[in-house]
Structure formats: structure tokens, C-alpha cells
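Observations on chain architecture
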Amino acid sequence: MASKKALNPPVGECRQCWLHAYDSREQHKHLKPREDCPACVDHMLNGHGNMIVGR
């Protein structure tokens, strides 16, 4: 379960980036070691726009 911090990014920050940064272990548990998260890669390349990345 994602922490309260992971589910509540500050205004103007990217919700997906915030979730994957602060709940990384849960969000990426299906990945093998050193495997990139397809959702993160796609989001960075195609869906980010001008939002601030939180971490």
C-alpha cells in the first residue's frame, strides 16, 4: 500500500512520478534487477509535459 506521502504530491508536481518515487518498491516489485519500468520510461518520454518531477 502506498504511503500517504506517495499518494499526495504537492500542487503542480506529477502524480505518477511522485508515486513511483515514494512507493518505488511496491510499484516496481514485478521488475527484475536492473530492468527499467516500462510505465516510467513511457511517461518520461511521452506523458510528462512541463510538470515538475518530485523526489
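Look up a bit, the structure's there.
Since the structure is predicted, the reported quantities are computational estimates derived from the model, not experimental observations. (Residues numbered from 1 in each chain as written. Predicted model: local features only at pLDDT ≥ 70, side-chain atom pairs only at ≥ 80, totals over all residues. Heavy atoms only, no water.)

Re unusual backbone geometry
- For Arg34, which is not a glycine, the phi torsion comes out positive at approximately 65 degrees.
- Checked against the element boundaries, Arg34 lands in the loop between α3 (24-27) and α4 (38-47).
- Under the relative-accessibility criterion, Arg34 is labelled exposed at 85%. (Helix = DSSP H or I, 4+ residues; strand = E, 2+ residues; numbered from the N terminus. Buried < 20%, exposed > 50% of the residue type's maximum accessible area, 1.4 Å probe, protein only.)

A few points about a nonpolar patch on the surface
- A grouping of Val41, Met44 and Leu45 is seen on the molecular surface, where their side chains present a nonpolar patch of about 320 Å² in accessible area.
- As for its position among the elements, Leu45 is in helix α4. (Patch = residues over 30% accessible without salt bridge, like charges linked within 9 Å, V, L, I, M, F, W, Y side chains within 5 Å. Areas by Shrake-Rupley, 256 points an atom, 1.4 Å probe, with all protein chains shown as cover. Salt bridge = Lys/Arg side-chain N within 4 Å of Asp/Glu carboxyl O.)

Brief notes about the packing of aromatic side chains
- Applying the stated rule across the entire model yields one aromatic pair.
- Residues Trp18 and Tyr22 carry aromatic rings whose centres are separated by 4.6 Å and whose planes lie at 40 degrees to one another, so their mutual orientation is tilted. Here Trp18 pairs with Tyr22, and both are found in helix α2 (residues 15-22), just four residues apart, close to one helical turn.
- On the basis of relative accessible area, Trp18 is assigned to the buried category, the value being 8%. (Phe/Tyr/Trp six-rings, centres within 6.5 Å; stacked < 30°, edge-to-face > 60°.)

Details of the packing of α2 against α4
- Their axes nearest at 11 Å, the elements α2 and α4 cross at an angle of 145 degrees. α4 is crossed by α2, and the crossing has left-handed handedness. Between α2 and α4, the contacting residues are Gln16, Cys17 and His20 on the first element and Ala39, Cys40 and His43 on the second.
- Among the residues forming the contact of α2 with α4, the class breakdown is three nonpolar, three polar and no charged. (Axes fitted to C-alpha atoms, helices over the stretch in contact; angles between N-to-C directions. Left-handed = near helix turned anticlockwise from the far one by under 90°. Contact = heavy atoms within 4.5 Å. Nonpolar A, V, L, I, M, F, W, Y, C, P; charged D, E, K, R; others polar.)

Brief notes about the side chain of His20
- One can find His20 in helix α2.
- Given a relative accessible area of 12%, His20 falls into the buried group.
- Excluding anything up to four places from it in sequence, His20 contacts Gln27, His28, Cys37, Ala39 and Cys40.

In short, the description is geometric, and any link to function would need to be established separately.
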